[in-house]
2 protein chains.
Amino acid sequence: LRMSLAEKIVKGDIKAASRLIRDIDDGVESAIDVLKELYVMTGRAHIVGITGPPGVGKSTLLDKIIEVFRKEMKTVGVIVVDPTSPFSGGAILGDRIRMQRHSTDEGVFIHSLATRGHVGGIARSTHDIIKVMDAMGKDIILVETVGVGQDEVDIGNAVDTSIVVLVPGLGDDIQAIKAGILEIGDIFVINKCDHGGADKLEQELRMMLEMGAKRGDNWQPPIYQTEASMGKGIEKLVAGIQRHRNLQQQKGLYQRRERERARLAFWEILKSSVMTKLQQQLSLNGELDRIEEALTTREKDPYTLVEEIMQKIMPR
Amino acid sequence: LRMSLAEKIVKGDIKAASRLIRDIDDGVESAIDVLKELYVMTGRAHIVGITGPPGVGKSTLLDKIIEVFRKEMKTVGVIVVDPTSPFSGGAILGDRIRMQRHSTDEGVFIHSLATRGHVGGIARSTHDIIKVMDAMGKDIILVETVGVGQDEVDIGNAVDTSIVVLVPGLGDDIQAIKAGILEIGDIFVINKCDHGGADKLEQELRMMLEMGAKRGDNWQPPIYQTEASMGKGIEKLVAGIQRHRNLQQQKGLYQRRERERARLAFWEILKSSVMTKLQQQLSLNGELDRIEEALTTREKDPYTLVEEIMQKIMPR
C-alpha cells in the first residue's frame, strides 16, 4: 500500500514536504489538493516570528535557538529568507551555512524562502509553508522576516510569538524602525550585547514600552540580552518564548491569534488566486499589451482602465 | 474663476497636492477623479529610487542630493518611508528633521509615507504619489524604499534610476542583501566611506558586477564613495544620476521603463480595487465572520473556500 503525499508529510517525511513546497512555489495545481488534505492536521505548532534589520545576527540567533529547543526534544521547523542572487543562484553565506548543520538532524526542517519566484507571492508562500510544517507535527516553527514592509507586518500578525532583534548602536534609521516594530514585539532581544551600549538600549526600549498603550493580554514584553555567537543568553530567551506560549494557552489568547492567522492566510490565497486568474484573462488576445500601450501613450489613464475591467469582471 | 484641484496641482501648489495625497491614503473616492485628470500631465519627471538596509544613512544622503539638485535649479519631489509608531504617532528623528529644512523651499515637496494606514496598500500609494509629483512638474522625484520585500523590488522596477546604498562592515546579512539587490542597482553608493573597509567593499562590488550577466543597456553601474554627513562625494553622485538619465534618453530606454512603470501601477490599482470590492462584498451579511469561524474550527480549509468564492465572482 503506497502512502499519499499528504500522509507522508503528516508522518514527518522531509523529502515529501520539500517536494510539496517546491510544487507550491512553482504554482503546480495538484499542490493545492495536498494543502487541503493537510489543513485539518494543522493548528498545533507554536509559531514564532523573528524579525529585525539586517546585520543584527538573526541567523546565528536562530541557529542557537534551534539547538536549545532540540535539547528539550522539541521538533523544529524553520523558514528563513534567502535573497536570491542572479549571480550565485541563491546566497548562502557564513551564518546560513552554520545553521545548515541542523539539516542532518531529523527533528529539524529548514526551508530557505527565495524573495522571488513565488507564483502566488512571498506572503502566500510563507503561510502555505507554515501549514506544511505544522501538519508535519513540528512543535515549534521559527519564521524569519526582514525589513518593515507590509508583507512583514502581515506575517508578524500571523505568528503566536513575535521576537524583535536589535543591536546597540546602529544610528537613526534603527530608531525609526524600532518605533515601527515596538507594537508587534512580544519579546525583544538585544543581540551582540558585548558591544557597547546594550544597557542603554535596553533602558530606552523599556521606557518606550512603558510609555506605550497597555496590551490587552497583560503580557509585559521581556527584553533579553544575548551574544548569540557565544551562545550567551539563549536559554533564558527560549524559556521566555515558552512562557509566552503558556500564558496564551492559559488565557485562550492562542485562539485569537489562530483566527487572525486563518484570516490573513485566507486573504493571501484569495488575492493570489484572483490576480492570477485576472492575469490569465487579460493576457488572452493581447489585451494586456493594448492596455500597456494605451497607458504609455497616455491615451487612457490606469484608473479608468481599472474601472472598465472591474465593470466587466465584478459588475455587482 | 476658481481653479480645480487638478489645475492647482499642475501649477505646483503644494497645499493642493498634500490634500490630494491625504485623500488618496484615506481612500476618498473623488481623489481618483483628480488622479485621472492628472495622468495626461505625467511622464516627464526623472524618477530615482534610493534603497538599502537601515543604518546606511539614506536620509542624510537624500538631504544632500536635494541640495545639489536645487543648486542646479531643478525642482525635486521626495517620497520617504516613515514607519508609523503607535506611541509617537510617526517617528521623525535626527536625519529626518534635518531634511525638513528643505520643506520651506518652494522647489521641494517632501512626502512622508507611513508604512500603514493606506487603504489600497503602500505600493499603490507610492505609484499614485509619484504621479502627483510628476504632474506638479517636479524635475526629479526621489523615492526611498527600505528592505528587500516584494513591494520594494516592484517599486525598484518602476524607477528610471535605481541607487543602492551600502556601508562598509555590516557583516553576513549585508552580503546576502547585496547579492539580492545587485541586479536592481543602476548606481551604487558606499556611504560612510570614512569608516574602514570602503575600498575593500568597492572592490568586492566591482568584482560581483563584472561577474554578472551583461546588461542590455550597455550601462556600467558606477560605484561612488560618499560621506554624506560631510557632503563629500555628493556632486559626483548627482552627476552620475544625470549621466544615467542622458543615456536612457539617447537610447530610448526611458520608454521601456515608462511602460514597465505603467504596467506595475496598473496592476497595483487593479489589485487594490478588486480586493477592496471583495472585502466589501464578503463583509455583507457576516459572510467573512462565517469564513473565519469555519477556518478556525477547521471545518473548511482556505483553499476550498477560495475556490468557492472564485466560482461565484469569476465563473469564467
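That block above? That's the structure.
Remember, it's a predicted structure, so these values are computed and weren't measured experimentally.

Peer 1: Explanation requested: the overall build of chain A in the structure shown.
Peer 2: Summing up its helical and strand segments, chain A has 13 helices and seven strands in all. Within the span of chain A, comprising 316 residues, buried residues form 59% of the whole. The contacts of chain A with a sequence gap of at least 6 include a subset with a gap of at least 24, amounting to 76%. As displayed, chain A offers around 13,500 Å² of accessible surface, 51% of which is attributable to carbon and sulfur atoms.

Peer 1: What is the right way to read the packing of aromatic side chains from this model?
Peer 2: Any two aromatic rings considered together are summarised by their centre-to-centre distance and by the angle between their planes. Applying the stated criterion across every chain yields a total of two aromatic pairs over all chains. For the pair F266(A) and W267(A), a centre-to-centre distance of 5.7 Å together with 65 degrees between the ring planes defines the contact as edge-to-face. Across the pair, W267(A) and F266(A) agree in class, each one buried. Above the plane of the ring of Y254(A) lies R245(A), whose end atom (NZ or CZ) is 4.7 Å from the centre. Over the ring of Y39(A) we find R298(B); its NZ or CZ atom is 4.8 Å from the centre of that ring.

Peer 1: Please clarify how the side chain of S273(A) should be interpreted in this entry.
Peer 2: Summarising the element assignment, S273(A) is placed in helix 11 (residues 253-283). Within polar-contact distance, the side chain of S273(A) engages the backbone oxygen of I269(A) at 2.8 Å. Those residues in contact with S273(A) that lie beyond four places of it in its chain are R124(A), V306(B) and M310(B).

Peer 1: Which parts of the structure should I look at to understand the pairing of strand 1 (residues 46-51) of chain B?
Peer 2: Every regular strand shows the same layout, with side chains that alternate between the two sheet faces. All names here are of chain B. Among the six residues in strand 1, six count as buried, and that is most of the element. Of the two faces of strand 1, both are covered, the one formed by H46, V48 and I50 as well as the one formed by I47, G49 and T51. Looking at chain direction, strand 1 and strand 4 (residues 140-144) are connected through five bridges and run parallel. Paired with V48 across the strands is L142, a residue of strand 4. One ladder, built from four bridges, connects strand 1 with strand 5 (residues 161-166); its direction is parallel. Counterpart to I50 in the pairing with strand 5 is I163.

Peer 1: What is the right way to read the pattern of salt bridges from this model?
Peer 2: Working definition: two side chains of opposite charge can pair if their charged atoms are close together. Here the structure, examined in full by the defined rule, presents 37 salt bridges over all chains. Residue R261(A) pairs with E258(A) through a salt bridge whose shortest N-O separation is 2.7 Å. Taken together, the residues span about one helical turn, with R261(A) and E258(A) both in helix 11 at a distance of three residues. Assigned by exposure class, R261(A) and E258(A) land together as buried. The closest approach of N and O atoms between K36(B) and E307(A), which form a salt bridge, is 2.8 Å. Of the two residues, K36(B) sits in helix 3 (residues 29-39) while E307(A) sits in helix 13 (residues 302-313), which places them in two different chains. The exposure class of E307(A) is partly exposed, given its relative accessible area of 40%. Linked through salt bridges whose partners overlap, the residues forming this network are D160(A), R245(A), E258(A), R261(A) and R298(B).

What counts, and where the lines are drawn
Residues numbered from 1 in each chain as written. Chains lettered and ligands numbered in written order. Predicted model: local features only at pLDDT ≥ 70, side-chain atom pairs only at ≥ 80, totals over all residues. Heavy atoms only, no water. Helix = DSSP H or I, 4+ residues; strand = E, 2+ residues; numbered from the N terminus. Buried < 20%, exposed > 50% of the residue type's maximum accessible area, 1.4 Å probe, protein only. Contact = heavy atoms within 4.5 Å. Areas by Shrake-Rupley, 256 points an atom, 1.4 Å probe, with all protein chains shown as cover. Phe/Tyr/Trp six-rings, centres within 6.5 Å; stacked < 30°, edge-to-face > 60°. Lys NZ or Arg CZ within 6 Å of the ring centre and 35° of its normal. Polar contact = N/O pair within 3.5 Å; in protein donor to acceptor, adjacent residues only side chain to side chain. Pairing = 2+ DSSP bridges. Salt bridge = Lys/Arg side-chain N within 4 Å of Asp/Glu carboxyl O.

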